[in-house]
Amino acid sequence: MTNRIAALMAVAVLVLGVGCGRNVRVSSPAPAPVATNVAPAPAAPTPAPASASAGVTGSDLHTVDSVLTDIDTQLATVDHDLATDEGDPTK
Amino acid sequence: MKKFIAGAVVAGTLLITPGMALADTSTTITPSTSTPAATPRHEFAAKTKAIAAIDKRLAWLDVLTGHVNNAKNLSADHKATLLDKISADRLGLTALRAQIVADDDGPTFRQHAQEIVTDYRVYLLLTPQVHMTIVADAMDAAYAKLDAVADKLAAEGKDVTELRAKIDDAKAHADPVPGHVLPLVPHGYPDNKPVLLQAHTDLQTARADLKAAVAIARSLAK
């Protein structure tokens, strides 16, 4: 009887072990995201103003605005580039 | 009872072992710091620092590659030129790293360590070259969209002279930037730094022109 109980316990622990192993796989760390400071997603466009003329829609100008937003971000990156230095690997 | 405990121990071992193996998924890349056994401690530290400086630049080159590949408005020519420059630097720095690992005398090591900076200028030259070219080409996209807006406004009978003048001003400042910055070479630094600074100023001016053009277009569209 004791042998049977021991065998059953061993099987139960093994089954639980497999379950935990799966959990370990699921929770293994994901690769770190690659940081990028170029071309962030543009801000969501807002509705076109009612006063815009029929030919030039608000979305035309919002498209230009989103490109300018990207350009602003990239220019800030250039500002940072020019403010940095190479360091001295010999010291 | 003893058998029960023995069974539990066996099962527990089976449980824990694969868990440990799965948990060990991270791979830590450490810089190779193989140096001759006789290398003095201070030289060993200097070599380790130089190798770390190269590894940092190699990692940054990967980031720059991502910036180039993800830039939405970069022209095919500029993209190819920038990727070539990045690839050449990656090859050169990788070769230099191997030389530094093998260096066994001080003067040669110090010369190689200086070359990390003087032969590549990854941060001070290549990085602005990449980002300024991306900005200049993004401005090309902005001109195209503003030109289309100007065409529509002109078709409605609006006077777009001022709008087109602003677009032309922006083009005049930003279009030459890639042609000015891409030919710059590391050995020309810092003498060629004024070219970078002028390019930066030109891009800022072009950006202000574009902003003014958008304001004009918006007022004409009312």
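Our subject is the structure that appears above.
Just so it is clear, the structure is predicted and the values come from calculations on it, not from any experiment.

Here we come to the overall build of chain B. Broken down by element type, chain B carries 8 helices and 0 strands. Put simply, chain B runs from its N terminus to its C terminus through helices and strands in the order α-α-α-α-α-α-α-α. In chain B, once contacts between residues fewer than 6 apart in sequence are set aside, the share between residues at least 24 apart is 75%.

Bringing the overall build of chain A into the picture now. Scanning chain A for helices and strands turns up 2 helices and 0 strands. Looking at chain A as a whole, 18% of its 91 residues are labelled buried.

The geometry of a pair of packed helices is captured by two quantities: the angle between their axes and the separation between those axes. Residue and element names in this part refer to chain B. Contact pair helix H3 (residues 76-102) / helix H5 (residues 122-155): the axes reach a minimum separation of 11 Å and the direction vectors enclose 165°. Classified by the interaxial angle, the pair formed by H3 and H5 is roughly antiparallel. When you trace H3 past H5, the crossing you get is left-handed. Between H3 and H5, the residues in contact are His78, Leu82, Lys85 and Asp89 and Val122, Leu126, Val130, Thr133 and Asp137, respectively.

With that out of the way, let us pick up the nonpolar core. Formed by 62 residues in total, the largest nonpolar core has its most connected members in Val135, Met139, Ala142, Leu146, Leu203, Ala213 and Ala217 of chain B. Per-element tally for this core: the top contributor is H5 of chain B, with 16 residues. Beyond its immediate stretch of four places on either side in the chain, Leu203 of chain B contacts Leu75 and Val78 of chain A together with Met132, Val135, Ala136, Ala174 and Val177 of chain B.

So, how was this worked out
- Residues numbered from 1 in each chain as written.
- Chains lettered and ligands numbered in written order.
- Predicted model: local features only at pLDDT ≥ 70, side-chain atom pairs only at ≥ 80, totals over all residues.
- Helix = DSSP H or I, 4+ residues; strand = E, 2+ residues; numbered from the N terminus.
- Contact = placed C-beta atoms within 7 Å.
- Buried ≥ 20, exposed ≤ 12 C-beta atoms within 10 Å, placed from the backbone.
- Axes fitted to C-alpha atoms, helices over the stretch in contact; angles between N-to-C directions.
- Parallel < 35°, antiparallel > 145°, perpendicular 65-115°, else oblique.
- Left-handed = near helix turned anticlockwise from the far one by under 90°.
- Core = buried A, V, L, I, M, F, W, Y, C linked by C-beta atoms within 7 Å.

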